[in-house]
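Survey of secondary and tertiary structure
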Amino acid sequence: MTTATYWQAIDRFRAVVADQPDREAVIFPAGTAATGLPDYRHLTYRELDTWSDTIGGHLAAAGVGRGTRTIVLVLPSPELYAIMLGLLKIGAVPVVIDPGMGLRKMLNCLRAADAEAFIGIPQAHAARVLFSRYFRDVRVKITVGPRWFWGGETLQSWGTPCGSEATAAPLNTVTPISSDKSGTTRDVWTAAVATQSAAATDAPGAIVDQHDAEAAAGSDSEADTPATADEARTATASVDDGLGTPHAPDNVADGAVAARNTLGGKPSPAGAMSVRLHTLLESLEQNAPAGRGGAAIAKAAATADRLSPVVGSRLRTLRSTAVGARARWERRATGAGTAGAGARDTIALGTGSLADRVPAPDGELLLIAFTTGSTGPAKAVEMTHGNLSAMVDQVDAARGRVAPDTSLITLPLVGILDMLLGARCVLPPLVPSQVGSTDPAHVADAINRFGVRTMFASPAVLIPLLRYLESSKTELPTLHSIYSGGAPVPDWCIAGLREVLPADSEVHAGYGSTEALPMSTIESRELLGGLVERAHHGEGTCIGRPAEGVRARLVAITDDPIKLWPDAEAREAELVATRGIGELVVAGPNVSTRYYWPREANRAGKIIDGDTVWHRTGDLAWIDQEGRIWFCGRKSQRVHTAAGPMFSVQVEQVFNTLPGVVRTALVGVGPRGAQQPVLCVEAESGADTVLLAAQLRTRATEFEVTAPVATFLFHPKFPVDIRHNAKIGREQLSLWATQQLGEDK
């Protein structure tokens, strides 16, 4: 019999619960006030502990437990933290992914996870059904929000914290797929986020049994366990309009569909369902690959039409039971049957109760997180119990072992770590896949309203926040420390933050990756004390000293695998030819030693050194005599000239200081080994590019590392990652430059 386990760091969380049960754990947006600023509600540590115990108990009863890989696609919210804590309390393995990577990449990644459980918002489940071949091993399905046309349970049916304000306005509710200001349809998992602060009711979940679904959709239809009448959670009064109002038809054919999906001029439930599915399919079509993907979507669209009468029939059948279902739901919402104090005693806890579990070994898998794939194929990173526990200790050490008090959270994992340290975690309104769209006024308001002491954010949040503070003259008197991550933060942004924040505040520029977080950090005072000037002279960007417990070394630059450390040592002399710049490798208690997928990534990305496994970061750097790491660029983005390699960041930092330059990117044009270095330039609006080009040429002659650059191309707007708006798509720019120069690689 398998021993029931949990993540031992959960004991820290329980200690906070025991010591300060009524302390706010999660403070989250719920609606908008008359002022236009968000309203907030909160969840206490006791409520979050009880709720996560309830979720863990239900999941254990469903067969989720030690080592069960569980996809989690839920918006940042109290629900997300309760789910994650519930999974960690039963030793399950959450599978998390960046929603900004795009639908096709995400589907391929999630298929590789071989997950057995799926917890997600309705849009995520709709994609799971439409692309069911990617999720064949999933047997446990939990919907966070209203269930549409699939089986499985809902998180709400397990109850919400008794007396908690979290029940008033759930964040993970259904909203229509919509377009952003640019007209681009958001992907399926993030479409609901733009209006998540609007109050929404728990709309009905249309019930379709397996036989009818298969009859309508054919053999490819998902064989979900049918939902029962007892699981209906909506009243008769809300059935007709709970699925939303269909969009106006764009053409005659769409008008015919809309006509047959209405009753007396009012949208029928089945009609609204059909329109909702078609809207979803339009979103998927924009993100789907050509060929088979398009055919699958066309088939799914036909399936949606065939499902419409089935859905309508099932909804009519449910009317006789809906009143009783609503009564049961209301009893849960008012305390009876909720996840209150007695709930733990009534839930079947599967293999071992939560109280009887033992800590899992440090080397056991705890979490699978995917790299973004912004500079290469996305990879599934294995994080062990020991890795995550080390992260908690390193975050604590980075703060000088001072309790975080109140933290502003823009990355869910940081929220989990801070909760283990007893923080009040404030979640500002943000779009997970488009963090750069976060309103800086809302961020500043949250900091001042709740007395935020520390925050972790990417440049996508910090740069707009700085500009807002400068223009509005808003002060943030309680903010003591900022930790940046996710992408490199410009030195001018760090200098600007120092100007607008209190004199004793700290701004830490962090460096890390999915495989190793954190790797290093540097505080603004040291960085601005002469190191920025060195970066502007072509030495690279100083990213500080290794984090506590992390060791850093360099290996010769090569794209070949390095199996054993003696193999790396044998190539050490090659570092002379690259002026001491090599690939950075790290090892430490927080560093992942293995990829779950693809397996061949372990051969290319790890070096065995006895009991130590060195992680190859793919970043090029040098280490100075004081142990500081200087980042020079990505290995995959180096330029292969006849005179030797050139490194992107090292060169770009020289040119980025010129007035009128937004950013630059070094790319290579031509065959490898004889590439022509080309500097792509994004200029400020209205800049005189003729004058700027002359200044760039003059600047190139001032430093040895930039002397080979003689070609400058102005690009209207660089391709960057959608999430942070910071990681430059140099691969795309290289192709563009090749076309501009008429070169054929």
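Please read all numbers here as calculations on a predicted model, not as lab measurements.

Time to look at helix 21 (residues 689-700). Here helix 21 spans 16 Å end to end across 12 residues, near enough to the 16 Å set by a 1.5 Å rise per residue. Within the sequence span of helix 21, burial applies to Leu692, Ala693, Leu696, Arg699 and Ala700. Summarising the axial view, the buried residues of helix 21 lie within an arc of 125°, below the 170-degree limit, and thus occupy one face. Buried positions along helix 21 lie against helix 17 (524-539), helix 20 (648-655), strand 29 (661-669), strand 30 (676-683) and strand 31 (711-714). Measuring from the backbone nitrogen of Val690 back to the side-chain oxygen at the start of helix 21 gives 3.1 Å, which picks out Asp688 as the cap.

A two-sided burial pattern is seen for strand 7 (residues 140-143), the buried positions comprising Val140 and Ile142 on one face and Lys141 and Thr143 on the other. Pairing of strand 6 (residues 117-120) with strand 7 involves four bridges; the strand directions are parallel. Bridge pairing links Gly120 to Thr143 in strand 7. In the classification by handedness, the crossover that spans strand 6, the intervening helix 5 (residues 122-130) and the parallel strand 7 is right-handed. Where strand 7 and strand 8 (residues 153-154) come together, two bridges link them in parallel fashion.

What follows is about the nonpolar core. As a rule of thumb, nonpolar side chains are buried together in soluble globular proteins. Core analysis: the biggest nonpolar cluster contains 59 residues, and Trp7, Val26, Leu48, Leu59, Ile83 and Met419 have the highest contact counts within it. Ranked by residue count, the leading element in this core is helix 3 (residues 78-89), at eight residues. Other than its neighbours up to four places away in sequence, Trp7 contacts Leu88, Leu366, His385, Leu388, Ser389, Val392, Ile416 and Leu420. Grouped together as the second largest cluster of nonpolar side chains are 42 residues, Ile27, Leu408, Val426 and Val443 included.

The next point concerns the sheet that holds strand 31. An order of 29-30-31 is seen for the three strands of this open sheet, with the pairing classed as mixed. With one partner strand each, in any of the chains shown, strand 29 and strand 31 form the two edges of the open sheet. The sheet shows a mean angle of 30° between the axes of neighbouring strands, direction not considered. Bridge count for strand 29 against strand 30 is eight bridges, and the pairing is antiparallel.

It is worth spelling out helix 14 (residues 440-450) at this point. Among the 11 residues in helix 14, nine count as buried, and that is most of the element. What helix 14 keeps buried is the set Pro440, Ala441, His442, Val443, Ala444, Asp445, Ala446, Ile447 and Phe450. Looking at the buried side of helix 14, the elements it contacts are strand 2 (24-32), strand 3 (38-44), strand 14 (406-409), strand 15 (424-426), strand 16 (454-457) and helix 15 (459-472). Of the residues flanking the start of helix 14, the one acting as N-cap is Asp439, its side-chain oxygen 2.9 Å from the backbone nitrogen of Ala441. After helix 14 finishes, the residue Gly451 shows a positive phi value of roughly 65°.

This paragraph deals with the pattern of salt bridges. Taken as a whole and judged by the stated rule, the model has 31 salt bridges. Of the charged contacts, one joins Glu526 and Arg628 as a salt bridge, the two residues approaching to 3.1 Å between their closest N and O atoms. Of this pair, Glu526 sits in helix 17 while Arg628 sits in the loop between strand 25 (612-623) and strand 26 (629-634), placing them 102 residues apart in sequence. According to the relative accessible area criterion, Glu526 is partly exposed, its value standing at 27%. When the shortest N-O distance is used, the salt bridge between Glu539 and Arg534 registers 3.0 Å. Of the residues examined, Glu539 reaches a relative accessible area of 26% and is grouped as partly exposed. According to the relative accessible area criterion, Arg534 is partly exposed, its value standing at 27%. Look at the salt bridges and you will find they share partners, linking Glu526, Arg545, Asp624, Glu626 and Arg628 into a network.

Cut-offs and rules
Residues numbered from 1 in each chain as written. Predicted model: local features only at pLDDT ≥ 70, side-chain atom pairs only at ≥ 80, totals over all residues. Heavy atoms only, no water. Helix = DSSP H or I, 4+ residues; strand = E, 2+ residues; numbered from the N terminus. Expected span 1.5 Å × (residues − 1). Buried < 20%, exposed > 50% of the residue type's maximum accessible area, 1.4 Å probe, protein only. Arc of directions from axis to C-beta. Contact = heavy atoms within 4.5 Å. Polar contact = N/O pair within 3.5 Å; in protein donor to acceptor, adjacent residues only side chain to side chain. Pairing = 2+ DSSP bridges. Right-handed = clockwise from strand over helix to strand, strands pointing away. Core = buried A, V, L, I, M, F, W, Y, C linked by side-chain atoms within 4.5 Å. Axes fitted to C-alpha atoms, helices over the stretch in contact; angles between N-to-C directions. Salt bridge = Lys/Arg side-chain N within 4 Å of Asp/Glu carboxyl O.

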